[in-house]
Amino acid sequence: MANSVTGAPRRWHAEFAWLARGAAPDGLAHDVLIEAHGDRFTTVTPETPAAQVPPGTVRLPGLTLPGLANAHSHAFHRALRGAAAGDTFWTWRDRMYAVAERLDPDRYFALARAVYAEMALAGITCVGEFHYLHHGPGGIPYSDPNELGRLLIAAASAAGLRITLLDTCYLAGGFAPGGEARPLAGVQLRFGDGTAAAWAKRMAAFDCDPRGMIGEHARLGAAIHSVRAVPPDQVPDVMAWSHAHGAPVHAHLSEQPLENAECLAAFGGTPAEVLYEAGALGPRSTMVHATHLTPRDVELLGRSQTAICMCPVTEADLADGIGPAPALAASGSPLSLGSDGHSMIDLLEEARWMELSQRLATQRRGHFTPADLAVAATVSGHACLGWPDAGEIVPGAYADLVTVPLAGPRLAGAGAGDPLAALFAAGTAADIRHLVASGVDVVRDGRHLLVDDVPRELAAAVRAVLS
């Protein structure tokens, strides 16, 4: 995707646009003239009558949002969609390991490219790829030890997305009571670097710039897989790399009660407490899931301004539970959204279920406003991936636009009421028809412009992995 500022500016005229700030209290504006030069917005002018729109301006009927950010992805999990996998998270994990064992660079690139193209069709302009499949079978490094990471970056570019590659430190297969690490075994050997220092040495081979950028559309971030996989004394080395590059750091946190129980037995604290003591919480950190928390955990996360990535559809699919999203937001933790295991790729559905799951748990409505859900899907998601200059339709931000017509059966009549509320009440990824990423058209009239036949490529890639 080009980063050039040469050439003529582009203009769009949105019937409705969610501007997040500088508009009505809910951020919604009407008849918005939007201009971009290269990959950045230059001017945004609400209340511009159609008669005053310059020639050549692209009309955007319906509701236009900033690009959506998928803050938590495991691209290869897409091959598991709809697969029967027993009755618990742990039996599902066995099936996931079997898929990981079959991946090679060619299969992985084909699958990731198709998955990222599916994301573009769902309105996503930036993905956080939580990447831990580093090495070849038996844990033998590729000739380029970062081959699979570079492959994921190339796949995102081929599908028109920006990416934060959250390269994951994964060192242990769990811990015995008392804290003794269980060694990696089987397919887990492909995940490990031995020590966090060795992980950091491999990261140095990416040759990123001081801001962690490894291309016009890609940046490097860090991840601590979980307290089940990284000993507390190894966490500071990961955080040192993050601090040196001003890079985001993500971690799975308290997804399962067994994780909490094993952490207490091994280290005498909850996962949040262990990561807090190891220096892993803070404004550049994002904890994924955060499902089974104590009040003390919520306080630690909020007080440190640690972001939280909720993945409600995956958490439901895996029977994880319902995390305390309202309490986390109230405590000071920004909320973002991810499609995680890709049981479906639809951030509108993720946002909807962040609210609906709380209604089921509390028998009360109205935990999040439509604007709250929009912020989670856009502004907060980009920020936690290290792209604070994306996720808003404002001058200087990345020129990302997602347009949803309001004429289909799910959203018909929304233009006469509150289109943002209607979108998060009933809209789906299938309603998205147009996507601009970094000033470039990626989806037009529901068709991906870079990947000719996304369903066919998905089917072929999944079949190659599973057959």
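Residues numbered from 1 in each chain as written. Predicted model: local features only at pLDDT ≥ 70, side-chain atom pairs only at ≥ 80, totals over all residues. Heavy atoms only, no water.

## A short note on unusual backbone geometry
Link 1 in the chain: In this structure, His342 is a non-glycine residue whose phi angle is positive, near 60 degrees.
Link 2 in the chain: Among the secondary structure elements, His342 is positioned in the loop between strand 13 (335-337) and helix 11 (347-362).
Link 3 in the chain: A residue is classified by how much of its surface remains accessible, and His342, at 0% relative accessible area, is buried.
Link 4 in the chain: Here Asp445, not a glycine, exhibits a phi torsion of approximately 55 degrees, which is positive.
Link 5 in the chain: For Asp445, the location among the structural elements is in the loop between strand 16 (440-444) and strand 17 (447-448).
Link 6 in the chain: The exposed category is assigned to Asp445, whose relative accessible area is 52%. (Helix = DSSP H or I, 4+ residues; strand = E, 2+ residues; numbered from the N terminus. Buried < 20%, exposed > 50% of the residue type's maximum accessible area, 1.4 Å probe, protein only.)

## A look at the pattern of salt bridges
Link 1 in the chain: Counted under the stated rule, the structure contains 20 salt bridges.
Link 2 in the chain: When the shortest N-O distance is used, the salt bridge between Asp144 and Arg150 registers 2.7 Å.
Link 3 in the chain: A relative accessible area of 24% places Asp144 in the partly exposed class.
Link 4 in the chain: One salt bridge connects Arg444 with Asp441, and the closest N-O pair in it is separated by 3.2 Å.
Link 5 in the chain: Given a relative accessible area of 23%, Asp441 falls into the partly exposed group.
Link 6 in the chain: Salt bridges sharing partners connect three or more residues here, namely Arg10, Asp441 and Arg444. (Salt bridge = Lys/Arg side-chain N within 4 Å of Asp/Glu carboxyl O.)

## Re empty space enclosed by the protein
Link 1 in the chain: All told, the structure shown has three cavities of 30 Å³ or more when counted by the stated rule.
Link 2 in the chain: Each pocket or cavity is described by its volume, and for the largest cavity that value is around 180 Å³.
Link 3 in the chain: For the largest cavity, the lining is made up of 18 residues, of which Phe89, Trp92, Met96, His225 and His252 are closest to its centre.
Link 4 in the chain: Top contributing element to the lining of the largest cavity by residue count: helix 1 (residues 89-102), with five residues.
Link 5 in the chain: A class-by-class count of the residues in the lining of the largest cavity yields seven nonpolar, seven polar and four charged.
Link 6 in the chain: Roughly 60 Å³ of volume is contained in the second largest cavity.
Link 7 in the chain: Lining the second largest cavity are Gly174, Phe175, Val227, Arg228, Glu259, Glu262, Cys263 and Phe267. (1 Å grid on protein atoms, 1.4 Å probe; cavity = no way out; pocket = protein on both sides within 12 Å on 5 of 7 lines; lining within 4 Å. Points joined across faces, edges and corners; volume = space filled by probe spheres on them. Nonpolar A, V, L, I, M, F, W, Y, C, P; charged D, E, K, R; others polar.)

## Section: the side chain of Glu129
Link 1 in the chain: Looking at the secondary structure, you find Glu129 in strand 6 (residues 124-131).
Link 2 in the chain: Buried charge Glu129 goes without a salt bridge, the closest partner of opposite sign being Arg78 at 12 Å.
Link 3 in the chain: Polar side-chain contacts of Glu129 include one of 2.7 Å to the side chain of Ser73.
Link 4 in the chain: Setting aside chain neighbours within four positions, we find Glu129 in contact with Ser73, His74, Ala75, Tyr108, Tyr116, Leu152, Ile163, Thr164, Leu165 and Leu166. (Lys, Arg positive; Asp, Glu negative; His and termini not counted. Polar contact = N/O pair within 3.5 Å; in protein donor to acceptor, adjacent residues only side chain to side chain. Contact = heavy atoms within 4.5 Å.)

## A look at the packing of helix 12 (residues 370-377) against helix 14 (residues 419-426)
Link 1 in the chain: Contact pair helix 12 / helix 14: the axes reach a minimum separation of 9 Å and the direction vectors enclose 70 degrees. The pairing of helix 12 with helix 14 is recorded here as roughly perpendicular in orientation. For the element pair helix 12 and helix 14, the recorded crossing hand is left-handed. Facing helix 12, whose interface residues are Pro370, Ala371, Leu373 and Ala374, helix 14 presents Leu420, Ala421 and Phe424.
Link 2 in the chain: Looking at the contact of helix 12 with helix 14, its residues break down into seven nonpolar, no polar and no charged. (Axes fitted to C-alpha atoms, helices over the stretch in contact; angles between N-to-C directions. Parallel < 35°, antiparallel > 145°, perpendicular 65-115°, else oblique. Left-handed = near helix turned anticlockwise from the far one by under 90°.)

## Overview of the sheet that holds strand 3 (residues 40-45)
Link 1 in the chain: Across the sheet, eight strands lie side by side as 3-2-1-4-14-15-16-17; this open sheet has mixed pairing. In the strand order of this sheet, the two ends are held by strand 3 and strand 17, each with one partner.
Link 2 in the chain: Taken together, the five bridges between strand 1 (residues 10-18) and strand 4 (residues 58-65) define a ladder with parallel strand orientation. The residue bridging Ala14 from the neighbouring strand is Leu60, located in strand 4. (Pairing = 2+ DSSP bridges.)

## Focus on the packing of helix 2 (residues 105-121) against helix 3 (residues 147-159)
Link 1 in the chain: At a closest axis distance of 8 Å, the pairing of helix 2 and helix 3 adopts a crossing angle of 35 degrees. As helix 2 runs across helix 3, the sense of the crossing is right-handed. Mapping the contact onto sequence places Pro105, Tyr108, Phe109, Ala112, Arg113, Tyr116, Ala117 and Ala120 in helix 2 and Glu147, Leu148, Leu151, Leu152, Ala154, Ala155, Ala156, Ala158 and Ala159 in helix 3.
Link 2 in the chain: Along the lines of polarity and charge, the residues of the contact of helix 2 with helix 3 split into 15 nonpolar, no polar and two charged.

## Some remarks on the environment of Ala200
Link 1 in the chain: Relative to the assigned elements, Ala200 resides in helix 4 (residues 196-204).
Link 2 in the chain: You can call Ala200 partly exposed: its relative accessible area is 22%.
Link 3 in the chain: Distance from Ala200 to Asp441, taken between C-alpha atoms, is 36 Å for residues 241 residues apart in sequence.

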